[in-house]
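Here is how the chains run, residue by residue.
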Amino acid sequence: MLSTFDLTKFIPEELLKNAYETWQQTKAGFSLAHKNFSTEIKKVFFPNNAIQYKEITPETFQNLQGRFQTIIEEDWRDAQRGIYPVNVLFEADWQEFLQSYVKIWLDYPQTWQRMQQQKPQDFREDVNLESYPQYYRRNFHYQTDGYLSDYSANIYDLQVDILFNGIADAMRRRILKPMVERLKNVDKNSDLKILDCACGTGRTLQFLRATFPDISLYGVDLSSAYLRKANQLLSQLPHELPQLIKGNIENLPYQDNYFQGISNVFVFHELPNPIRQKVIEESFRVLQSGGVFVICDSIQLSDSPELEAMMANFPLAFHEPFYHDYIKDDIELRLNNAGFKDIEVKTYGFSKYWIATK
Ligand SMILES: C[S@@+](CC[C@H](N)C(=O)[O-])C[C@H]1O[C@@H](n2cnc3c(N)ncnc32)[C@H](O)[C@@H]1O
């Protein structure tokens, strides 16, 4: 069960802020310790690592520390401003955490073997891959079953949070402020509808629900297993249940001009170059005039050249075959070409954000 820290209303602001910073530092410490320890264990079983990683310098660590501080401060500030409730910052499900953590360790031997053998298209025979696009039929992150099993859906959130040193949700929440600000211009009587494209396990929808309690939310994803997991999370929340549907974000199963807001989090780097354009155009089609589109994905070389080594290492360790192309892609140009206007670009933590209006 999702446990919500309801006491936040009664605790002095400064104390609450310290508690939030401490919570984030604890998650970062845990993530770093886990990554170091699991790397050492991997070396015991696979001492001959063929992958040549680029060196991460002390300056890079300092840069990362600065980014960490900034996003934590922004996250806190937005909660203080009332963009979303403060208790969202403290939500934690300990039972879920423990179960996922054990499962991550149980999955490592297979993941490491797949990585060692450079075998990123390794599925059980009973998984029917035919209905999925070619680019999707792979073990992103060398993960067992790719996105196509409940096991994978059960460990995904924690894996991502560990990868991002505990700020995955803080990065997802950066889409909320621009959404709120730009939707101020949209006709409030029009029964607001927001779609989260490639919603995965539903975490962005969870934060959208906290920010917009009364509007209609929608989520679309290609993975039934991830949608099941999303349903499990979202059905615990008060207010209307978001409508989840299995579908391809290249061909959204909605009519033209249907939504006032669309978000797209952590998926562009997993799409081949021409598909990114298709997804932008398709989002444009289903967005109402004046509606807002927010993309959140990895930083790129153009905005963070100082983190080039990190960007080079990531696809080597995690099987991300489209990442190398993504970090050089001009998404702003793509948005312009599709017809979007008022395009703003920001970076927070390890993420980059494109905010555009139709
Ligand atoms: C890295 S996960 C991101 C999930 C989620 N947005 C988040 O914040 O964690 C990528 C997700 O994109 C989905 N996906 C990838 N390609 C897709 C496509 N063409 N159509 C729909 N979903 C897709 C996957 O199933 C997976 O759930």
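Here, every reference points to the structure presented above.
All values derive from a computational prediction rather than experimental measurement. (Residues numbered from 1 in each chain as written. Predicted model: local features only at pLDDT ≥ 70, side-chain atom pairs only at ≥ 80, totals over all residues.)

1. Considering the overall build of the chain
At step 1: In terms of regular secondary structure, the chain is built from 12 helices and seven strands.
At step 2: The C-alpha atoms of the chain give a radius of gyration of 20 Å, which matches the 21 Å a tight globule of 358 residues would have.
At step 3: With the C-alpha coordinates aligned to their principal axes, the bounding extent of the chain is approximately 60 × 50 × 40 Å.
At step 4: Taking as baseline every contact in the chain between residues at least 6 positions apart, the subset at least 24 positions apart corresponds to 75%. (Helix = DSSP H or I, 4+ residues; strand = E, 2+ residues; numbered from the N terminus. Rg over C-alpha atoms; globule rule 2.2 N^0.38 Å. Contact = placed C-beta atoms within 7 Å.)

2. Examining the packing of helix α1 (residues 13-45) against helix α2 (residues 58-80)
At step 1: Contact pair α1 / α2: the axes reach a minimum separation of 11 Å and the direction vectors enclose 140°. By the angle between their axes, α1 is oblique relative to α2. Relative to α2, α1 is oriented so that their crossing is right-handed. For the pair α1 and α2, the contacting residues are Lys17, Tyr20, Glu21, Gln24 and Ala28 in the first and Phe68, Ile72 and Trp76 in the second.
At step 2: Split into classes, the residues belonging to the contact of α1 with α2 amount to five nonpolar, one polar and two charged. (Axes fitted to C-alpha atoms, helices over the stretch in contact; angles between N-to-C directions. Parallel < 35°, antiparallel > 145°, perpendicular 65-115°, else oblique. Left-handed = near helix turned anticlockwise from the far one by under 90°. Nonpolar A, V, L, I, M, F, W, Y, C, P; charged D, E, K, R; others polar.)

3. Notes on the site of the ligand
At step 1: Residues in close proximity to the ligand total 21 residues, the closest being Ala198, Gly200, Leu222, Ser223 and Val265.
At step 2: Looking at side-chain class alone, the shell around the ligand contains 12 nonpolar, four polar and five charged residues. (Near = placed C-beta within 6 Å.)

4. Comments concerning the sheet that holds strand β5 (residues 287-298)
At step 1: The strand order β3-β2-β1-β4-β5-β7-β6 describes an open sheet built from seven strands, whose pairing is mixed. The two strands at the open ends of the sheet, each matched to only one other strand, are β3 (243-246) and β6 (341-348). For this sheet, the mean inter-axis angle between neighbouring strands, taken without regard to orientation, is 15°.
At step 2: Of the strand pairs in this sheet, β5 and strand β7 (residues 351-357) are connected by seven bridges, and their pairing is antiparallel. (Pairing = 2+ DSSP bridges.)

5. Quick word on helix α8 (residues 224-234)
At step 1: Of all the residues in α8, the buried ones are Ala225, Tyr226, Leu227, Lys229, Ala230 and Leu234.
At step 2: Against the buried residues of α8 lie α4 (150-163), α7 (203-211), β2 (216-221) and β3. (Buried ≥ 20, exposed ≤ 12 C-beta atoms within 10 Å, placed from the backbone.)

6. Here's the deal with unusual backbone geometry
Trans is the prevailing form of peptide bonds, just as negative phi is the prevailing case for residues other than glycine.
At step 1: The backbone of Ala198 sits at a positive phi, close to 55°, despite the residue not being glycine.
At step 2: Within the secondary structure, Ala198 is located in the loop between β1 (193-197) and α7.
At step 3: One non-glycine residue, Asp342, adopts positive backbone phi at about 45°.
At step 4: Position of Asp342 among the secondary structure elements: in strand β6.

7. Quick look at the nonpolar core
At step 1: Counting 72 residues, the largest nonpolar core has Met171, Phe293 and Val294 as the members making the most contacts within it.
At step 2: With six residues, β5 is the largest single contributor of residues to this core.
At step 3: The contacts of Val294, once residues within four sequence positions are left out, are Ile175, Pro178, Met179, Ser263, Tyr353 and Ile355. (Core = buried A, V, L, I, M, F, W, Y, C linked by C-beta atoms within 7 Å.)

8. Examining the pairing of β3
At step 1: Pairing of β2 with β3, which is carried by four bridges, proceeds in the parallel orientation. When the sheet's bridge partners are listed, Tyr218 is paired in β3 with Gln243.
At step 2: For the crossover from β2 across α8 to β3, the handedness is right-handed. (Right-handed = clockwise from strand over helix to strand, strands pointing away.)

9. Describing the pairing of β5
At step 1: Among the 12 residues that make up β5, nine are buried, leaving the element largely enclosed by the rest of the structure.
At step 2: Bridge count for strand β4 (residues 259-265) against β5 is six bridges, and the pairing is parallel. Bridge pairing links Ile262 to Phe293 in β5.
At step 3: Handedness of the β-α-β unit built from β4, helix α9 (residues 273-286) and β5 comes out right-handed.

Without other data, these values stay purely geometric and don't point to any function.
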